[in-house]
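Topology and contacts: notes
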Amino acid sequence: LMAEKTANNRVDMLVKGGQVTLTAEGSMGRSQEILDVEQSGPESEMLLAFNSRFLTEALGPLEEAEVKFSGSANPAVFTPVGGGDYLAMAVPLRTQ
């Protein structure tokens, strides 16, 4: 997924039906990726937006990440798959 580090670009995440659709826009165009995810909880659909720089910093040290969302207004928690000592959080942007 493309996102410029120098700008305050946002990355939109739509979690729905066991998939997350990641979308980012920048001066070089628009990029979209669809990934399969394990989805559980009361919300069948969540739309979140994050500052691309914060996502890059949270995911940077991880080869594979587990990301937990507990609602569109709550922080996302990033941990390594299989456990480990690393933990990062990112607060979603308000979109409405």
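The preceding data block contains the structure.
The present account deals with the structure reproduced in this document. (Residues numbered from 1 in each chain as written. Predicted model: local features only at pLDDT ≥ 70, side-chain atom pairs only at ≥ 80, totals over all residues. Heavy atoms only, no water.)

A look at the pattern of salt bridges
Summed over the entire model, instances satisfying the criterion amount to five salt bridges. For aspartate 12, the salt bridge is made with arginine 10, and the minimal N-O distance between the two is 2.8 Å. Of the residues examined, arginine 10 reaches a relative accessible area of 38% and is grouped as partly exposed. Here arginine 30 ties to glutamate 25 by a salt bridge, and the two come within 3.9 Å at their closest N and O atoms. (Salt bridge = Lys/Arg side-chain N within 4 Å of Asp/Glu carboxyl O. Buried < 20%, exposed > 50% of the residue type's maximum accessible area, 1.4 Å probe, protein only.)

Some points on the sheet that holds strand E1 (residues 10-16)
In spatial order, the strands read E3-E2-E1-E4; together these four strands make up an open sheet with antiparallel pairing. One side of each edge strand has no neighbouring strand; the edge strands of this open sheet are strand E3 (29-36) and strand E4 (45-51). Taken pair by pair, the neighbouring strands of this sheet meet at an average axis angle of 15°, ignoring direction. Bridging between strand E2 (residues 19-26) and E3 involves eight bridges; their strand directions are antiparallel. Following the sheet pairing, glycine 26 is matched in E3 by glycine 29. (Pairing = 2+ DSSP bridges. Helix = DSSP H or I, 4+ residues; strand = E, 2+ residues; numbered from the N terminus. Axes fitted to C-alpha atoms, helices over the stretch in contact; angles between N-to-C directions.)

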